[in-house]
Amino acid sequence: EVQLVESGGGLVKPGGSLRLSCAASGFSFTNAWMNWVRQVPGKGLEWVGRIKSRTDGGTTDYAAPVKGRFTVSRDDSKNTLYLQMNSLKTEDTAVYYCTTGAVPYGMDVWGQGTPVTVSS
Amino acid sequence: DIQMTQSPSSLSASVGDRVTITCRASQSISSYLNWYQQKPGKAPKLLIYAASSLQSGVPSRFSGSGSGTDFTLTISSLQPEDFATYYCQQSYTTPFTFGPGTKVHIK
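About the criteria used
Residues numbered from 1 in each chain as written. Chains lettered and ligands numbered in written order. Predicted model: local features only at pLDDT ≥ 70, side-chain atom pairs only at ≥ 80, totals over all residues. Heavy atoms only, no water. Helix = DSSP H or I, 4+ residues; strand = E, 2+ residues; numbered from the N terminus. Polar contact = N/O pair within 3.5 Å; in protein donor to acceptor, adjacent residues only side chain to side chain. Contact = heavy atoms within 4.5 Å. Pairing = 2+ DSSP bridges. Axes fitted to C-alpha atoms, helices over the stretch in contact; angles between N-to-C directions.

1. Some thoughts on the side chain of N34 of chain B
Point 1. By the secondary structure assignment, N34 of chain B is in strand β4 (residues 33–38).
Point 2. Among the polar contacts listed, one links the side chain of N34 of chain B to the backbone nitrogen of A50 of chain B, at a separation of 3.2 Å.
Point 3. A polar contact of 3.5 Å, which involves the side chain of N34 of chain B, links it to the side chain of S91 of chain B.
Point 4. Contact partners of N34 of chain B, with chain neighbours within four places excluded, come to P104 and G106 of chain A together with L46, I48, Y49, A50, Y87, C88, Q89 and S91 of chain B.

2. Some remarks on the environment of S28 of chain B
Residues and elements named next belong to chain B.
Point 1. With respect to the secondary-structure elements, S28 resides in the loop between β3 (19–25) and β4.
Point 2. Taking the C-alpha atoms as reference points, S28 and Q6, 22 residues apart in sequence, are found 15 Å from one another.
Point 3. Those residues in contact with S28 that lie beyond four places of it in its chain are G68, T69 and Y92.
Point 4. Of the polar contacts made by the side chain of S28, one reaches the backbone nitrogen of S30; its length is 3.5 Å.

3. With respect to the sheet that holds strand β2 (residues 10–12) of chain A
Residues and elements named next belong to chain A.
Point 1. Within the open sheet, the six strands sit side by side as β2-β10-β9-β4-β5-β6. Their pairing is mixed. Strands at the two margins of the open sheet, each flanked by one partner only, are β2 and β6 (60–62). Strand-to-strand twist in this sheet, taken as the mean axis angle between neighbours without regard to direction, amounts to 25 degrees.
Point 2. Pairing of β2 with strand β10 (residues 114–118) involves three bridges; the strand directions are parallel. Residue L11 lies in a different strand from β10, and its bridge partner there is T117.

Spelled out as structure tokens, the structure:
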């Protein structure tokens, strides 16, 4: 079964850090381009960042609101995607989803999401 | 950044109705347009990719069309399980951007 399972969410104070993980199974993670997408409860979807497969360069791209604070990385030996979030702000509060998705095929597999709350 | 708009923002429809949702990009995105369905408390689900390609396992009552800046998602005969929020998303260039969503209500 193709599956993505996020973990690592929780409550953190403004200015703090958190690392999210996304464990992949049932497909070739090594060849997959991966994304993080977030959603404030009751609001729309916001793309956070992407990492290409290592064979396609392994490069990363980020949304402007998180650039310089968040880092997407991957460990292909563990089939795991990460999102390191530093200097967290209250506006980073959201449910964070990891997704597969190489252009032009869309984000075809999604995890269940992990909630992050940034509050003092 | 490419801005995505959707219309309407919400609609009420009955089972069996034909439903059309429109998505517009602020610049040409060729056919790099995807559609997602999201139900409350659940992750989004990919319905259509590359503007008109039906994702595996998605019922054929869903279809997509368009290119350039204007795109359409059509549900040919609305079913009870289709009441949800629908989002378009451009994958032409990063930052990838989503439309604000269209909520489909039961009439």
